[in-house]
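Single-letter residue listing:
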Amino acid sequence: MRDNSSTPEERLRQVQRQIDQALAQNRRPAGAAALLAVSKTRPASDILALYRAGQRRFGENYLQEALGKMALLDGYEIEWHFIGPIQSNKSRDIASHFSWVHSVERLKIARRLSEQRPDGLPPLNICLQVNVSGEASKSGCRLDELPRLAAQVATLPRLRLRGLMAIPAPSDDPTAQRRPFRTLREALEQLRGDGLALDTLSMGMSADLDAAIAEGATLVRIGTALFGSRPAKGDLLP
Ligand SMILES: *Cc1c(COP(=O)(O)O)cnc(C)c1O
């Protein structure tokens, strides 16, 4: 997935170039898809290397790990995005430390995030995670439940509902990759038709970035292509 001899700066430029090319190929405006660097399992020094190369948005999946890195990187102008599963007892720290949450799939969690968002901070940006792979996935709200959930979340005072997020089942076939992304885009268009002011499609990872941009991604979440492959789960220290 990456050339080990390349520097973080070079990998950032390469991913940025891939995004720019995919946008141009699909006749979308330059800059229409932003890069979220997914830094889970990576040390703060890796984040700093990309920061120095100009990257500002970083995504984390595990709260404790993220809080440790935030403490080390205090004072840097990083926009932190939470993209992992949310347990209720973690919602307060997520509401206080992040600018965005991409992985909201239940009203109960959205309510807690709104109640717990500190007053001095701007509203917390929210994407609803949608299950676009049917039985192949356990996470994300069901498509038929989405309109109701979106309407309810949109009324919560300390949140700003921005759009939708999905993690489709992996596929090597570019045509098959596009299908779930198209479903997510159509769901976003329908919610807009219902009157919600949404601007974000958070979709596309290292292996399906081009397919996601072809279907309208505005925020791609990239880890491996920037940082190299992560250790297998069994290799992680406890
Ligand atoms: C890990 C992760 C990514 C990045 O995946 P890569 O394949 O490493 O680019 C994106 N989104 C979510 C929700 C993730 O957990």
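Scroll up to find the structure this text is about.
Attention here is on the structure that accompanies the text. Values in this document were obtained by computation on a predicted structure and should not be read as measured data.

1. Details of the site of the ligand
Residues in contact with the ligand, as listed here, are Val38, Lys40, Asn61, Ile83, Ile167, Met205, Ser206, Arg221, Ile222, Gly223, Thr224 and Arg230. At 2.6 Å from an oxygen atom of the ligand is found a side-chain nitrogen or oxygen belonging to lysine 40. Counting atoms within 2 Å of the grid points, the majority share of the ligand lands in the largest pocket. The residue inventory of the shell around the ligand, partitioned by class, reads five nonpolar, four polar and three charged.

2. Some points on the pairing of strand β4 (residues 100–104)
Judged by how many residues are buried, β4 sits mostly within the fold: five of five residues are covered. Across two bridges, the pairing between strand β3 (residues 79–82) and β4 is parallel. In the sheet register, phenylalanine 82 faces β4, and the bridge partner there is valine 101. Where the polypeptide runs from β3 across helix α4 (residues 91–97) and back to β4, its parallel neighbour, the crossover connection is right-handed. At this point the chain moves from β4, through helix α5 (residues 107–116), to the parallel strand β5 (residues 124–129), and the crossover so formed is right-handed.

3. Let's talk about the state of the cysteines
Under the criterion given, the structure shown has zero disulfides. Free of any disulfide, cysteine 127 has its nearest neighbouring cysteine sulfur in cysteine 141, separated by 12 Å. In this structure cysteine 141 comes out as buried when scored by relative accessible area, which is 3%.

4. Things to note about the layout of surface pockets
Volume-wise, the largest pocket comes out at about 970 Å³. Taken together, 40 residues line the largest pocket, and the ones lying closest to its centre are Lys40, Asn61, Ile167, Met205 and Arg230. Contributing elements (two or more residues each) for the lining of the largest pocket: β4 and β8 (219–222). Split by residue class, the lining of the largest pocket holds 20 nonpolar, 12 polar and eight charged.

5. Considerations on the environment of arginine 42
Position of arginine 42 relative to the elements: it lies in the loop between β1 (34–38) and α2 (44–52). The spacing of arginine 42 and glutamate 10 is 32 residues in sequence and 18 Å in space, taken between C-alpha atoms. Sequence-distant contacts of arginine 42, that is, excluding residues within four places in its chain, are made with Glu65, Lys69, Phe227, Gly228, Ser229 and Arg230. Here phenylalanine 227 takes part through its backbone oxygen, which lies 3.5 Å from a polar atom of the side chain of arginine 42.

Definitions and cut-offs
Residues numbered from 1 in each chain as written. Predicted model: local features only at pLDDT ≥ 70, side-chain atom pairs only at ≥ 80, totals over all residues. Heavy atoms only, no water. Near = heavy atom within 4 Å. Polar contact = N/O pair within 3.5 Å; in protein donor to acceptor, adjacent residues only side chain to side chain. 1 Å grid on protein atoms, 1.4 Å probe; cavity = no way out; pocket = protein on both sides within 12 Å on 5 of 7 lines; lining within 4 Å. Sits in = over half its atoms within 2 Å of the grid points. Nonpolar A, V, L, I, M, F, W, Y, C, P; charged D, E, K, R; others polar. Buried < 20%, exposed > 50% of the residue type's maximum accessible area, 1.4 Å probe, protein only. Helix = DSSP H or I, 4+ residues; strand = E, 2+ residues; numbered from the N terminus. Pairing = 2+ DSSP bridges. Right-handed = clockwise from strand over helix to strand, strands pointing away. Disulfide = S-S within 2.5 Å. Points joined across faces, edges and corners; volume = space filled by probe spheres on them. Contact = heavy atoms within 4.5 Å.

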